[in-house]
Amino acid sequence: MQELGHWIDGKRVAGASGRVTDVYNPATGEVQARVSLASKAELDAAVASAAAAQPEWGATNPQRRARVLMDFVRLLNRDMDKLAEALSREHGKTLPDAKGDVQRGLEVIEFCIGAPHLLKGEFTDSAGPGIDMYSMRQPLGVVAGITPFNFPAMIPMWKMGPALACGNAFILKPSERDPSVPLMLAELLQEAGLPDGILQVVNGDKEAVDAILDNETVQAIGFVGSTPIAHYIYSRGCAAGKRVQCFGGAKNHMIIMPDADMDQAADALVGAGYGAAGERCMAISVAVPVGERTADALIEKLVPRIEKLKVGPYTAGDDVDYGPVVTAEARQRILGLVESGVKQGAKLVVDGRDFALQGYEEGFFIGPHLFDHVTPEMDIYRQEIFGPVLSQVRANSYEEALKLAMDHEYGNGTAIFTRDGDTARDFAARVNVGMVGINVPIPVPLAYHTFGGWKKSGFGDLNQHGPDAFRFYTRTKTVTSRWPSGLKEGGEFHFRAMD
Ligand code: NAD
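Here the structure is a predicted model, which is why all the values come from computation and not from measurement. (Residues numbered from 1 in each chain as written. Predicted model: local features only at pLDDT ≥ 70, side-chain atom pairs only at ≥ 80, totals over all residues. Heavy atoms only, no water.)

Novice: Help me out: how do you make sense of the overall build of the chain in this one?
Specialist: Each helix and strand in the chain was counted, giving 16 helices and 23 strands. Relative to the globule expectation of 23 Å for 499 residues, the C-alpha radius of gyration of the chain, 26 Å, shows essentially globular dimensions. Buried residues in the chain amount to 55% of all 499 residues. For the chain, restricting intrachain contacts to residue pairs at least 6 apart in sequence, the fraction spanning at least 24 positions comes to 73%. A total accessible area of about 21200 Å² is found for the chain, and carbon and sulfur atoms account for 51% of it. Positive and negative charge centroids in the chain, built from 50 and 63 side chains respectively, lie 4 Å apart. (Helix = DSSP H or I, 4+ residues; strand = E, 2+ residues; numbered from the N terminus. Rg over C-alpha atoms; globule rule 2.2 N^0.38 Å. Buried < 20%, exposed > 50% of the residue type's maximum accessible area, 1.4 Å probe, protein only. Contact = heavy atoms within 4.5 Å. Areas by Shrake-Rupley, 256 points an atom, 1.4 Å probe, with all protein chains shown as cover. Lys, Arg positive; Asp, Glu negative; His and termini not counted. Charge placed at Lys NZ, Arg CZ, Asp CG, Glu CD.)

Quick look at the structure:
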């Protein structure tokens, strides 16, 4: 059995708490590793040595820091297959999807190579006689990131890239469900030249998270995960005077107008609804066709596409559309929600409950599900399912469809499919959701824009990656300087009469 510990001061170390948890291969259901769960004392020790290492890294010029990230990008590309394999083995997503996970993190690291430009600060020449004023962006010191299971490469990189580029030391507390890739990322960063102690990977659960919240040296926390935990960390972190940004769950609506290209809309819905088994915070989980005819036409297009989906292990190669969900508990919860949908009166048009895969009976696979006639009171509409379940809610008008997306407590992403620019513009301007797609089902912004949801999907005032990340991981110091005039004229040698 593989034993996974932590990455502390530039090496893998075994956990000392005596507490461990199982790491599964979701495709087979087997326990393939055990990961240590850090104690408060282990977390505090990791922070203390990060704090000792940080001043030198913070004082290293930004271009040299960026060069470490530049080499990290090269190494990520070199080891792409290895990283993707380790990721798929613990998460269950297909290999192309796992490569996408690494790639979307890598792109943020590429953006961070521009740190010297992003950290330049501001300067006002001659704010007064002989007076200049300038603002510097300085690192915070030791900062922490707490990340979810569903993107074990991308989200740690979204956090560590900007934090390190800005000169901070970074404590990463990854998900205990798939801890291998974060440890591999730490090894690659060391190979790229990151000094020891600047990145510490501390595996753990609530005890490690609470230790981060209670540690006075930790200046900032970036969290991604479910909304109840996001809210908990945001409230406690802010109360402790830390800078905190927390990104939570989602229920992303896609509105399909009667003028939309129905084939395109159906293709988009299948990819965005079932890709990665629905375990994406930007997955589309609600389809809202406008008008009964649109709804009927969409169902007609969706059903054959969904029935053709291939569900299987990542080892089956590129032929698989999506893999298992992450744990047996996740599977249980998703199937429980499907039952509630049936009980509460939604029409189960595609039923994946009896799905079984020969040779993988113990794996955490779930067949695709499609519900029609879902209404806003149902649990399958109100809750984030985070599985391969798409719900269709029928709307009578554009305004009714817009209101559905606006009234939902989550506000991460949304999309509209239409041929009408006026409707699209109106939707983008009015909807109270952080990321909007127009004929794009999963509108994940690229690295140089920022990523963040509204309402219960995001707590805090700055987004992830893009320029916001450089604001989040630095604080501003403003200097007003005045130099007395006259020295450059040299000394005076003549006797001057009194005026
Ligand atoms: P999760 O909330 O269970 O776990 C996230 C992190 O919090 C993990 O590191 C975990 O160890 C820790 N944690 C779990 N329970 C805790 C507790 N009681 N106290 C303190 N820490 C705790 O989330 P998950 O299941 O790993 O990830 C899926 C969720 O993440 C979904 O809700 C998804 O929508 C969300 N997500 C959001 C975004 C976004 O950018 N908005 C991106 C990816 C995932």
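What follows picks up the thread again.
Novice: Looking at this structure, how should I read the side chain of Arg65?
Specialist: Mapped onto the fold, Arg65 is located in helix α2 (residues 62-78). No salt bridge is formed by the buried Arg65. Its closest oppositely charged neighbour is Glu56, at 11 Å. Sequence-distant contacts of Arg65, defined by excluding residues within four places in its chain, comprise Trp57, Gly58, Thr60, Leu119, Leu164, Ala165, Cys166 and Gly167. (Salt bridge = Lys/Arg side-chain N within 4 Å of Asp/Glu carboxyl O.)

Novice: Can you help me understand the domain arrangement of the chain in this one?
Specialist: Bring the parts together and some accessible area is lost; that lost area is often taken as the interface size. Assigned domains of the chain: these are domain 1 (2-248 + 457-479) and domain 2 (252-438). Computed over C-alpha atoms only, the centres of domain 1 and domain 2 are separated by 31 Å. Counting residues at the interface gives 22 residues for domain 1, matched by 24 residues for domain 2. Of all residues in domain 1, Ala27, Thr94 and Ser457 give up the largest surface area on contact with domain 2, accounting jointly for 25% of the area buried on that side. Viewed at the interface, domain 2 and domain 1 are joined by one salt bridge. Between Arg280 and Asp97 there is a salt bridge; the shortest N-O distance is 3.1 Å. Summed over the shared surface of domain 1 and domain 2, the result is six residue pairs in polar contact (both at pLDDT 80 or more). Counting only elements with at least two residues in the side of domain 1 that touches domain 2, the list comes to α3 (80-91) and α4 (95-112). Considered class by class, the residues forming the side of domain 1 that touches domain 2 number seven nonpolar, nine polar and six charged. (Domains from an automatic or database assignment. Buried area = accessible area lost by both parts, 1.4 Å probe. Polar contact = N/O pair within 3.5 Å; in protein donor to acceptor, adjacent residues only side chain to side chain. Nonpolar A, V, L, I, M, F, W, Y, C, P; charged D, E, K, R; others polar.)

Novice: Where do I start with the pattern of salt bridges in this structure?
Specialist: Pairs can form between side chains of opposite charge whenever their charged atoms are close. Going through the model one piece at a time under the given rule, you end up with 34 salt bridges. For the salt bridge of Arg34 with Glu3, the shortest nitrogen-to-oxygen distance reads 2.8 Å. Here Arg34 is found in strand β5 (residues 30-36), whereas its partner Glu3 is found in strand β1 (residues 2-4), with 31 residues between them in sequence. The salt bridge partner of Asp351 is Arg353, with a shortest N-O separation of 2.8 Å.

Novice: So what exactly am I meant to see when it comes to the nonpolar core here?
Specialist: Nonpolar side chains tend toward joint burial in soluble globular proteins. Among the nonpolar cores identified, the biggest contains 89 residues, and Phe72, Leu76, Phe170, Leu189, Leu199 and Ile233 are the most heavily contacted of them. Broken down by element, this core gets its largest block of residues, eight residues, from helix α6 (residues 154-165). Residues lining this core come from more than one domain, with at least three contributed by each of domain 1 (2-248 + 457-479) and domain 2 (252-438). Setting aside residues up to four positions removed in sequence, Phe170 forms contacts with Val143, Ala144, Gly145, Lys159, Met160, Ala163, Leu164, Ile198, Leu199, Gln200 and Tyr473. Residues Ala260, Met262, Ile385 and Leu402 belong to the second largest nonpolar core, which totals 64 residues. (Core = buried A, V, L, I, M, F, W, Y, C linked by side-chain atoms within 4.5 Å.)

Novice: Would you take a moment to explain the state of the cysteines for this structure?
Specialist: Here a disulfide denotes a covalent bond joining the sulfur atom of one cysteine to the sulfur atom of another. For the structure shown, the criterion picks out zero disulfides. Not part of a disulfide, Cys246 finds its nearest cysteine sulfur in Cys238, a span of 7.5 Å. Here Cys281 is not cross-linked by a disulfide; its sulfur's nearest cysteine counterpart is in Cys246, at 14 Å. (Disulfide = S-S within 2.5 Å.)

Novice: So what exactly am I meant to see when it comes to the site of the ligand here?
Specialist: The immediate surroundings of the ligand are formed by 26 residues, with Thr147, Lys173, Glu176, Ser226 and Glu384 found nearest. Residue Lys173 places a side-chain N or O atom 2.7 Å away from an oxygen atom belonging to the ligand. The side chain of Ser226 places a nitrogen or oxygen atom 2.6 Å from an oxygen atom of the ligand. In this structure the site holding the ligand corresponds to the largest pocket. Going through the elements one at a time, α8 (206-214) and β11 (218-224) are the ones with two or more residues in the shell around the ligand. Split into classes, the residues belonging to the shell around the ligand amount to 13 nonpolar, nine polar and four charged. (Near = heavy atom within 4 Å. 1 Å grid on protein atoms, 1.4 Å probe; cavity = no way out; pocket = protein on both sides within 12 Å on 5 of 7 lines; lining within 4 Å. Sits in = over half its atoms within 2 Å of the grid points.)

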